[in-house]
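If you want the building blocks of each chain, they are given just below.
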Amino acid sequence: MSSREKILSAIKTNQPDYQKLDVQFKFETVYDDLFNKFSEILSFVGGKAIEVKNFDEIKADIQSHYSGVTRIATTIAEFSDLADFSLNIADPHDLETLNLAIIEGDFAVAENGAIWVSEKHIPHRVLPMITQYLVIVVKKSEIVTNMHRAYERVKVDDTGFGTFISGPSKTADIEQSLVIGAHGARGLTVYVLG
Amino acid sequence: MNNIKIDHSAAATEFNKDEARVNWHDETLWFVRSKRDKAVFQIPEWEQLREAGSQIKNHVLSNLHDYLTEFEKKATENGITVHWAADGKEHNEIIYSIIKNEGVNRMVKSKSMLTEECHLNEFLKEKGVEVIDSDLGERIVQMREEPPSHIVLPAIHLKKSDVGDTFHEHLGTEKGATDPQYLTEAARQHLRDTFLTRKVALTGVNFAIAETGGFVVCTNEGNADMGAHLADVHIAAMGFEKIIPKAEHLGVFLRLLARSATGQPITTFSSHFHKPRAGQKMHIVIVDNGRTTQLGRADFRNSLKCIRCAACFNTCPVYRRSGGHSYHTAIAGPIGSILAPNLDMAKNADLPFASTLCGSCSNVCPVKIDIHDQLYKWRQVLVKDGHVSSVKSIGIKSMASVLNSPKFYRTAGKLGRFLMKTAPFMVNNNMNVWYNQREMPEVPKESFRDWYLRKRN
Ligand code: SF4
């Protein structure tokens, strides 16, 4: 008998009697202002949310914030003139030297400051992690309250890969001191487009 | 009889020799526990969420066979190769054969307690394969040739000066440097190079979704993603209990996990893998290694509901004051003390005794595992089967008589709490080795029995 059959038959013998699932597992969360909550939590996890009216505002802010920075890539057509780094590459290892990635997020979650980023919008899975700094643009109308609403909003297998990103990469593995920029991006700015 | 080389209480005695360090360890973990409380208090429906998490997991255990076969089918359709491993040895061999097939002898690995349980690193080292752990805490302990002492915070037993010394030796950082920012930066550079050059990456699995044939990996550092997305081959290793029915159930578990673990609202990255990227190969290894046996033990099967948040570690007065290494098993703490005897009763007979049975673990567990009850039940099994040495045997006998007589328990319990408050030295005697270097922990205001009665009413 193969291990597969051995394991599955032992499971069948040993698993308890069928217990049906009828517990409530989705809950409502109410916030006065979704953007404020999202912004508060995002700053708690080390990121920064900025409310903007249009792409020009974002552009101006990026230009002042990252002036002199080169190796910038973007997936958003409106910012193509900011980019000097093409994402049209075959090997994701070529992203190694990237300083800034400006990408689109599908939607954001107020309760935990997370943004869903999937292959729908990023041509390389490693893009949001390998870049030194990350900028995500998300629409203000696309902020949901909590994770129950988030999973109603996304079909996780629509693409081969998707991730909730909540703040910049971090670690507290050395004496519980928080350090931002463990392996992934050292900074995360989220522009919320109203 | 008892064939443990260094048992928990002896190791704990050793750990307790450095009083200042033990106090620091204790306080640091209590700080993490306090962060958990703060996060939890912000969710009014927290208790309902725990109940949901618990019920979903109960349901999964009762339907594991079908969910696993559904998962296998969907994952295969997604282009993932699914392997089954009966034990740790087979798990290691499968992984080795995948690495060998690629013609490489190096691999990068993100946190996976399962690979610790199966001693994968040692196995691969013997085969000439170099494994680099990419989680910062795991990398630190790996350099020091120590096992992780905590499932979420692998290097929690170390001070920054220890890390500074280790990095000076292995990464060439300045001698005496202790700044966490500087040390982390050095590790970042070192591991970035690793991510960029490894063709095979291994990750753990936090949740596997039957409905969609995908899996979720949670990290704060982004190390699982860096490894997996840059490698030609991604291997994900999972114990079969990681399965959940549907993606929508992730709403419950992702709300529970990080808040329980570190007090964060969610981990920085919660990555959902469903298909290999173009040109990549993806493997999932589904492991038994004693889990089917545990599933068959009605009293202990609930331990398979664990989502490895480590809240029970952080809250445990014994763990905080004895350190993870004293548990001599891959998963320490209260939950590890339930899981380990299942794998080897004789070797791990001491672990269910490494508890005051105060019940704090069960109170914080996000999936409502009856941890302290199971610890107590293990004691009975182990004593009955003759796995317990005399000192502990006496302890258990008096404990057993106390618990078997409700009236005596009420009196003895009150007396015990009175003694602990007024004359701790009377409880703090040689019969109870891990108390040796210190006073008893803070006395709970409410006894387990009072708590139990209140919860029942
Ligand atoms: S037993 Fe519960 S509290 Fe302990 S690690 Fe597992 S899920 Fe967390």
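Look up: the structure comes first, before these words.
Structure report, in brief. For clarity, every value in this text was computed on a predicted model and none was experimentally measured.

Parameters and conventions
Residues numbered from 1 in each chain as written. Chains lettered and ligands numbered in written order. Predicted model: local features only at pLDDT ≥ 70, side-chain atom pairs only at ≥ 80, totals over all residues. Heavy atoms only, no water. Pairing = 2+ DSSP bridges. Helix = DSSP H or I, 4+ residues; strand = E, 2+ residues; numbered from the N terminus. Contact = heavy atoms within 4.5 Å. Axes fitted to C-alpha atoms, helices over the stretch in contact; angles between N-to-C directions. Expected span 1.5 Å × (residues − 1). Buried < 20%, exposed > 50% of the residue type's maximum accessible area, 1.4 Å probe, protein only. Arc of directions from axis to C-beta. Phe/Tyr/Trp six-rings, centres within 6.5 Å; stacked < 30°, edge-to-face > 60°. Buried area = accessible area lost by both parts, 1.4 Å probe. Salt bridge = Lys/Arg side-chain N within 4 Å of Asp/Glu carboxyl O. Polar contact = N/O pair within 3.5 Å; in protein donor to acceptor, adjacent residues only side chain to side chain. Nonpolar A, V, L, I, M, F, W, Y, C, P; charged D, E, K, R; others polar.

Before going further, it helps to examine the sheet that holds strand β7 (residues 143-144) of chain A. With mixed pairing, 8 strands are arranged side by side in an open sheet as β7(A)-β4(A)-β5(A)-β8(A)-β9(B)-β6(B)-β5(B)-β8(B). Whereas interior strands pair on both sides, the edge strands pair on one side only; in this sheet they are β7 of chain A together with β8 (243-244) of chain B. Relative to β8(B), strand β5 (residues 207-209) of chain B runs parallel, the two being bridged by 2 bridges. Along β8(B), the bridge assignment pairs B:Ala208 with B:Ile243. Taken strand by strand, helix α12 (residues 250-261) of chain B contacts β5, β6 (214-219), β8 and β9 (269-273) of chain B, and its axis lies near 175° from that of β5(B).

What follows concerns helix α1 (residues 3-14) of chain A. Residues and elements named next belong to chain A. With 12 residues, α1 extends 16 Å from end C-alpha to end C-alpha; this agrees with the ideal 16 Å at 1.5 Å per step. For α1, the full list of buried residues reads Ser3, Ile7, Leu8 and Ile11. Taken around the axis of α1, the buried residues stretch over an arc of 125°, which confines them to a single face. Exposed residues pointing more than 90 degrees away from the buried face of α1 are listed as Lys12 and Thr13.

Here we come to the packing of aromatic side chains. All names here are of chain B. All told, the structure shown has 12 aromatic pairs over all chains when counted by the stated rule. Arranged with centres 6.4 Å apart and planes meeting at 80°, the rings of tyrosine 96 and phenylalanine 123 form a pair that is edge-to-face. Of this pair, tyrosine 96 sits in helix α5 (residues 88-101) while phenylalanine 123 sits in helix α7 (residues 120-126); the two residues are 27 residues apart in sequence, bridging distant segments of the chain. For the pair shown, tyrosine 96 and phenylalanine 123 are each scored as buried. Seen from their ring centres, phenylalanine 300 and tryptophan 378 are 4.1 Å apart, and the 10° between their planes marks the pair as stacked. Taken as a pair, phenylalanine 300 in the loop between α13 (291-296) and α14 (311-315) and tryptophan 378 in helix α18 (residues 371-384) lie far apart in primary sequence, 78 residues in all.

With that out of the way, let us pick up the interface of chain A and chain B. With 70 residues of chain A at the contact, the number on the chain B side is 93 residues. Overall, the association of chain A and chain B removes approximately 6,900 Å² of surface from exposure, summing both partners, and the carbon and sulfur fraction of that is 62%. Summed over the three residues of chain A that lose the most area to chain B, namely A:Asp173, A:Ile174 and A:His183, the buried surface amounts to 12% of that side. Summed over the shared surface of chain A and chain B, the result is 5 salt bridges. A salt bridge links A:Arg186 to B:Glu185; the shortest N-O distance between them is 2.8 Å. Inspection of the chain A/chain B interface yields 37 residue pairs in polar contact (both at pLDDT 80 or more). When contributions to the side of chain A that touches chain B are tallied by element, the ones reaching two or more residues are α1, α2 (34-44), β5 (114-118), α4 (127-130), α5 (147-153), β8 (161-165), β9 (170-171) and β10 (179-180) of chain A. If you tally residues by element for the side of chain A that touches chain B, the top one is α1(A), at 9 residues. Looking at the side of chain A that touches chain B residue by residue, the class counts come to 30 nonpolar, 24 polar and 16 charged. Here β8(A) runs beside β9(B); their pairing, made up of 5 bridges, is antiparallel. Looking at the pairing, A:Ile165 lines up with B:Phe269 of β9(B).

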